[in-house]
Amino acid sequence: MNRIDQLFQNKGKDILSIYFPAGYPNLNDTVPNLQLLQDKGVDLVEIGIPFSDPLADGPVIQIAAKQSLDQGMSLKLLFQQLKEVRSTITIPLILMGYWNVVFKYGVDTFLLDCQSCGIDGVILPDLPLEEYEEEFKAKFEAHGVYNILLVTPQTTNQRLAKIEKATKGFLYMVSSSATTGGALEQSSEREDYFKKVASLDIPSLIGFGIHDKASFRHASGFSNGAIIGTAFIKALAGGTASEFIDSLL
Amino acid sequence: MMSKNKYAVNGRGYYGRFGGAYIPELLRANVDELRENYLKIINSEQFQKDYKRLLDNYVGRPTPLTKVENLSKRYGTNIYLKREDLTHTGAHKINNTIGQILIAKYMGKTRIIAETGAGQHGVATATVCALFGLECIVYMGALDIERQAPNVARMKMLGAKVVPAISGNQTLKDATNEAIRDWIANPNSFYLIGSVVGPHPYPDMVTRLQSIISEEIREQLTKETGNPNPDYVIACVGGGSNAAGAFYHYLDEEDVKLVAVEASGLGVGSGETAATITIGDVGFIHGSKTMLMQDEDGQITEPYSISAGLDYPGVGPLHAHLAETGRAQFLSVTDREALDAAMVLARSEGIIPALESAHALAALEQMTFDKDDVVVVNLSGRGDKDMETYMKNI
Ligand SMILES: Cc1ncc(COP(=O)(O)O)c(C=O)c1O
């Protein structure tokens, strides 16, 4: 069974997922970061594949990705770093990145390397659903790699129904219309959206704008848990990653 | 109008295998809203009336098609210049901004976002926003703001807010990223893109708005020679909007040879170049599957050209398709060759071209013509904005 499904089966709520870019803050920190997060009780980790032009990301993730690229990070190096990761890390792992990098690497090689490193799923925000289903879905499924899809407050009901059917593992519920690193908007309109998505037959995690215990609690109240990226990257940069995770749990 | 079947965009925004809308879900509703509306609006009688009236009385269309006798003699053929340099604000960019601002107005949008490199599209956008009384935010790379001070001043005088893009290398590609991020955060704004790039429907929409260029060339050539078709149409390519407009009505007329000219900067092998089709490969940039300049890890690289309007690391998907099918021939021209061609035109015809357009002129040196050939070069803009560069280099 895919580790993501296992997680949602064993622990239905308050799931904490953490995002950080590979090779950050130092080139060889990817696996040590994972170890820290697992030791601290984090449920799921999304490893960012750094990209020169991260359209959906705010300044903190942009700068972190650039630092990691400047230090020599690449998708090829990431798979080298992750080669033995499953000897120590047992929580589900997801790679999150932009399509150009994956396409250039070669989709077949990418999926093979995901499978051999024990990657459970991927989030590729700019790969459209239609193109995915027509050209790539069969390959992803053959390698057991889940393609996790995003929904936003602007996603129409018709599209939501389509995405609900197509996503694997869970739905990534984007909290608001903003790039990463904004504030979590709290309004009745927003709560209606959270409730609508949470009522679907697939688990969901809320991301974008979750930055501390209060916002994590708030988001988890509407879904199976939440995703924290920008706030964790700031903690990594400030050398307080461990304390930050403690403050959430 | 002729059918555009062979090189037309399909329902999902593809030209052959290029194009599409490779955008995060965060942009989906914004782009869908535009896609569902743009054709309805463009094809409406009201739009056609408003657009035509503004092109005639505000932009100054039709622009002349000038037979340049001295240049014709030099190359032993018949050379015509399509004079986009004579439009209001001095470049073809205004054809597009006039059209998009009308679309924005019909869609009820009141806040306009744009990106700019050299500042030409920024100025053309600030101009139409002033005309329509709409809020205008222009993203411009922090480096470009320094390099293009006169255009920054023009935008400010026109009432636009110029926001420096401080990410990446602080040039056009980063300004485009910032504009798109603004659009994600403000889904009710209208993103007024400056070339035939970006996710579907932008490449098709901007191509249609620029197609007035070839529509006029056909009429003007018919009067001049009795034949709407020239033997060659030559245009420079940054994102590809002036070329798309100059080629559009000739796409299915296979006897008209289409020549697209990229900026090769210091040379295609120098590492300092913007010749995307020549040295790039297939990838995804700003929501479009197209040819682009990238390193072996799929990181998009920074282009270089002396001409700020041509240094974009991608190219519109239509052009990627025209290159792949061989429908258009792609040439490249160095900084030096473009500067020399600008000088030739200035001295022989009394016209100072934009540095971008000088690249199209320089291609004449690489080609051979028959004496009866009819050759149209799209003079996309005038050289006022480039005087500092010309003074320094000539
Ligand atoms: C005069 C002129 N020509 C050409 C271009 C290049 O753009 P495109 O390839 O979209 O025509 C620009 C861009 O700023 C320009 O100002």
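Please refer to the structure placed before this passage.
Worth saying up front: this structure is predicted, and the values here are computed from it rather than measured. (Residues numbered from 1 in each chain as written. Chains lettered and ligands numbered in written order. Predicted model: local features only at pLDDT ≥ 70, side-chain atom pairs only at ≥ 80, totals over all residues. Heavy atoms only, no water.)

Chemist: So what exactly am I meant to see when it comes to the overall build of chain A here?
Modeler: Of regular secondary structure, chain A possesses twelve helices and nine strands. Against the compact-globule benchmark of 18 Å for 249 residues, chain A has a radius of gyration of 17 Å, which places it among compact chains. With respect to the three principal axes, the spread of C-alpha positions in chain A is 45 × 45 × 35 Å. The proportion of buried residues among the 249 residues of chain A is 60%. Summed over all atoms, the accessible surface of chain A reaches about 9400 Å², with 49% contributed by carbon and sulfur. Here chain A contributes 21 positive and 29 negative side-chain charges, whose respective centroids are spaced 2 Å apart. (Helix = DSSP H or I, 4+ residues; strand = E, 2+ residues; numbered from the N terminus. Rg over C-alpha atoms; globule rule 2.2 N^0.38 Å. Buried < 20%, exposed > 50% of the residue type's maximum accessible area, 1.4 Å probe, protein only. Areas by Shrake-Rupley, 256 points an atom, 1.4 Å probe, with all protein chains shown as cover. Lys, Arg positive; Asp, Glu negative; His and termini not counted. Charge placed at Lys NZ, Arg CZ, Asp CG, Glu CD.)

Chemist: I tried to follow the site of the ligand on my own but got confused; where do I start?
Modeler: Residue and element names in this part refer to chain B. Ser195, Gly238, Gly240, Ser241 and Ser380 are the nearest of the 18 residues found near the ligand. Within the contact set of the ligand, an oxygen atom lies 2.6 Å away from a side-chain nitrogen or oxygen of serine 195. With respect to the ligand, the backbone of glycine 240 contributes an N or O atom lying 2.7 Å from an oxygen atom. Bound to the protein, the ligand loses 97% of the 390 Å² it would expose on its own. Considering only residue class, the shell around the ligand consists of five nonpolar, eleven polar and two charged. (Near = heavy atom within 4 Å. Polar contact = N/O pair within 3.5 Å; in protein donor to acceptor, adjacent residues only side chain to side chain. Nonpolar A, V, L, I, M, F, W, Y, C, P; charged D, E, K, R; others polar.)

Chemist: What am I meant to see in the sheet that holds strand β5 (residues 111–116) of chain B here?
Modeler: Residue and element names in this part refer to chain B. Ordered by their spatial adjacency, four strands build an open sheet running β7-β6-β5-β8, and the pairing between neighbours is parallel. Of all strands in the sheet, those with a lone pairing partner are β7 (161–165) and β8 (190–191), marking the two edges. Bridge analysis of β5 against β8 gives two bridges, and the strand direction is parallel. Looking at β8, one finds that isoleucine 112 is bridged to phenylalanine 190. (Pairing = 2+ DSSP bridges.)

Chemist: Teacher, can you tell me more about helix α15 (residues 355–362) of chain B here?
Modeler: Note: α-helices contain 3.6 residues per turn, so residues at a spacing of three or four share the same orientation. Burial of α15(B) is extensive: eight of the eight residues sit out of reach of the surface. Within the span of α15(B), buried status applies to Leu355(B), Glu356(B), Ser357(B), Ala358(B), His359(B), Ala360(B), Leu361(B) and Ala362(B).

Chemist: Looking at this structure, I do not really get the interface of chain B and chain A. What am I missing?
Modeler: How big an interface is tends to be stated in terms of accessible area lost as the parts join. In this complex, chain B contributes 33 residues to the contact, which on the side of chain A involves 37 residues. Each partner contributes to the roughly 3000 Å² buried at the junction of chain B and chain A, and carbon and sulfur atoms together form 54% of this total. Three residues stand out in chain B for area buried against chain A, namely Glu25(B), Leu26(B) and Arg181(B), and they jointly supply 23% of the buried area on that side. Counting across the interface, chain B meets chain A through five salt bridges. Glu25(B) is paired through a salt bridge with Arg159(A); the nearest N and O atoms lie 3.0 Å apart. There are 17 residue pairs in polar contact (both at pLDDT 80 or more) connecting chain B and chain A. Put simply, the parts of the chain that give the side of chain B that touches chain A at least two residues each are α1 (25–42), α8 (172–185), β11 (281–285) and β12 (288–292) of chain B. Its residues assigned to classes, the side of chain B that touches chain A shows 15 nonpolar, seven polar and eleven charged. (Contact = heavy atoms within 4.5 Å. Buried area = accessible area lost by both parts, 1.4 Å probe. Salt bridge = Lys/Arg side-chain N within 4 Å of Asp/Glu carboxyl O.)

Chemist: For this particular structure, what's the right way to read the environment of Ile300(B)?
Modeler: Structurally, Ile300(B) can be placed in the loop between β12 and α13 (317–325). C-alpha of Ile300(B) to C-alpha of Ile285(B): the two residues are 15 residues apart in sequence and 8.2 Å apart in space. Discounting residues that sit within four places of it in the chain, Ile300(B) has contacts with Phe51(A), Ser52(A), Asp53(A), Asn100(A), Lys173(B), Phe284(B), Ile285(B), Leu292(B), Met293(B), Gln294(B) and Pro313(B).

Chemist: How should I be thinking about the side chain of Asp85(B) in this particular structure?
Modeler: All names here are of chain B. By the secondary structure assignment, aspartate 85 is in the loop between β4 (78–83) and α4 (93–106). A distance of 2.9 Å separates polar atoms of two side chains, one belonging to aspartate 85 and the other to arginine 83. Excluding anything up to four places from it in sequence, aspartate 85 contacts Gly90, Ile351, Leu379, Ser380, Gly381 and Arg382.

Chemist: Looking at this structure, I do not really get a nonpolar patch on the surface. What am I missing?
Modeler: Residue and element names in this part refer to chain B. A cluster of nonpolar residues, Ile352, Met387 and Met391, forms a patch on the protein surface that exposes about 290 Å² of accessible area. The topology assignment puts methionine 387 in helix α16 (residues 387–393). Overall, the relative accessible area of 30% leaves methionine 387 in the partly exposed class. (Patch = residues over 30% accessible without salt bridge, like charges linked within 9 Å, V, L, I, M, F, W, Y side chains within 5 Å.)

Chemist: Before we go on, may I ask you to explain the nonpolar core in this structure?
Modeler: Ranked by size, the top nonpolar core spans 189 residues in total, and within it Leu95(A), Phe110(A), Tyr172(A), Phe232(A) and Phe247(B) carry the most contacts. Top contributing element to this core by residue count: α1(B), with seven residues. The contacts of Phe232(A), once residues within four sequence positions are left out, are Ile18(A), Tyr19(A), Phe20(A), Leu37(A), Ala241(A), Phe244(A) and Ile245(A). Val68(B), Ala360(B), Ala362(B) and Val377(B) belong to the second largest nonpolar core, which has 35 residues in total. (Core = buried A, V, L, I, M, F, W, Y, C linked by side-chain atoms within 4.5 Å.)

Chemist: Would you mind going over the sheet that holds strand β9 (residues 232–236) of chain B with me for this structure?
Modeler: Strand-to-strand pairing in sheets goes through backbone hydrogen bonds, with the strands running parallel or antiparallel. Residue and element names in this part refer to chain B. The strand order β3-β4-β14-β9-β10-β13 describes an open sheet built from six strands, whose pairing is mixed. If you trace the sheet from one side to the other, it starts and ends with β3 (65–67) and β13 (328–334), each paired once. Averaged over all neighbouring strand pairs, the angle between strand axes comes to 25°, with direction disregarded. Both β4 and strand β14 (residues 374–379) contribute to a ladder of six bridges, which runs parallel. Its bridge partner being in β14, lysine 82 is matched across the sheet by asparagine 378. Helix α10 (residues 212–225) rests against β3, β4 and β14 of the sheet, and its axis sits at about 140° to β4. Taken strand by strand, α15 contacts β4, β9, β10 (257–265), β13 and β14, and its axis lies near 145° from that of β9. (Axes fitted to C-alpha atoms, helices over the stretch in contact; angles between N-to-C directions.)

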